[in-house]
Amino acid sequence: MFLRTVQLARGAGVKNWLFVVKPHGFPRVYRSNSSYHAFVEMDKVTALRYEPLPEDSPYVKPFRMYYTQNGVEKNWDLLKVHDSVAIIIFNKTTQNLLLVKQFRPAVYHGVISSAEGTNPTTIDLEKYPPQLGITVELCAGIVDKTKPLIEIAKEEILEEVGYDVPVDRIETVLTYRSGVGATGAQQTLYYCEVTDADKVNAGGGIDGEIIDVVELNLPDAWKLLKQGSVVSSPPSCLLGILWFLTNKAPKS
């Protein structure tokens, strides 16, 4: 069962909203301690357009590498991006995995470009609703600070899902290279167990991020990995879920 928490903002306060719906066959719960009448929708996306990447982008640096391999001169187009951390989080109180849901422009662009070409001049939001760009992922973040990776993982757990845990409860799982065709960036995967007592805020990200916290029970986690499944989750999320189910999941 998916349980979804949506942040609500009014003035300086952030609250949670509570009700239950069943999109795509999965129940979701919006938890609330407020009386607000509206909530932030991550799929409320308008005025989409494409522009050239500015040279001062702090996140992506495109360039071309030239090299000679076995006597043949070659080249390859690359992107320099930040390394990252990702965290598999298991709530021992609820016996659910904690994931995050957010709108990913790159995924949305991938859907459109597969059907319409690389850079369509107009985007039909009815034909391609922004929900197509929403993914379910592990809690994660880029490495853009000079501090130990495990400290960055701790910060992401607090910011995105709202649990405050000490670093000695965060285990290193794997370090690998993602995006090997274009970026070769390094990602470090961690595992953390939490309880409801560790929750100190609603999560949802910072600096304008719109992130939903998703609780995934173990039967549904197995369903995501069934042969033939089609999901929008990145490989790191599926790897993390598989690692958890293989190594840490409670035995029935």
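Residues numbered from 1 in each chain as written. Predicted model: local features only at pLDDT ≥ 70, side-chain atom pairs only at ≥ 80, totals over all residues. Heavy atoms only, no water.

The chain carries the name Uridine diphosphate glucose pyrophosphatase NUDT14 in an unreviewed UniProt entry, which gives Lutzomyia longipalpis as its organism. Under the heading Cofactor (unreviewed entry), UniProt records this for the chain: "Mg(2+)". Looking at the Subunit (unreviewed entry) heading of the UniProt record, one finds this comment for the chain: "Homodimer." (UniProt positions renumbered as here; feature names shortened; annotations may be inferred.)

Draft legend 1. Layout of the pairing of strand E7 (residues 72–80). Pairing geometry for strand E6 (residues 61–69) and E7, over nine bridges, is antiparallel. Directly across from lysine 61, in E7, lies its bridge partner lysine 80. Taken together, E6 and the strand that follows it, E7, pair antiparallel across an intervening segment of two residues, in which asparagine 70 is found at a positive phi of about 55°. (Pairing = 2+ DSSP bridges. Helix = DSSP H or I, 4+ residues; strand = E, 2+ residues; numbered from the N terminus.)

Draft legend 2. Spotlight on the nonpolar core. Counting 22 residues, the largest nonpolar core has Ile88, Leu97, Leu99, Ile241 and Phe244 as its most contacted members. Among the secondary structure elements, those contributing two or more residues to this core are strand E8 (84–91), strand E9 (96–103), strand E12 (170–178), strand E13 (185–194), strand E14 (212–217), helix H3 (218–224) and helix H4 (235–247). Broken down by element, this core gets its largest block of residues, five residues, from H4. If you look at the next biggest cluster of nonpolar residues, it comprises 19 residues, including Ile87, Tyr190, Val194 and Val213. (Core = buried A, V, L, I, M, F, W, Y, C linked by side-chain atoms within 4.5 Å. Buried < 20%, exposed > 50% of the residue type's maximum accessible area, 1.4 Å probe, protein only.)

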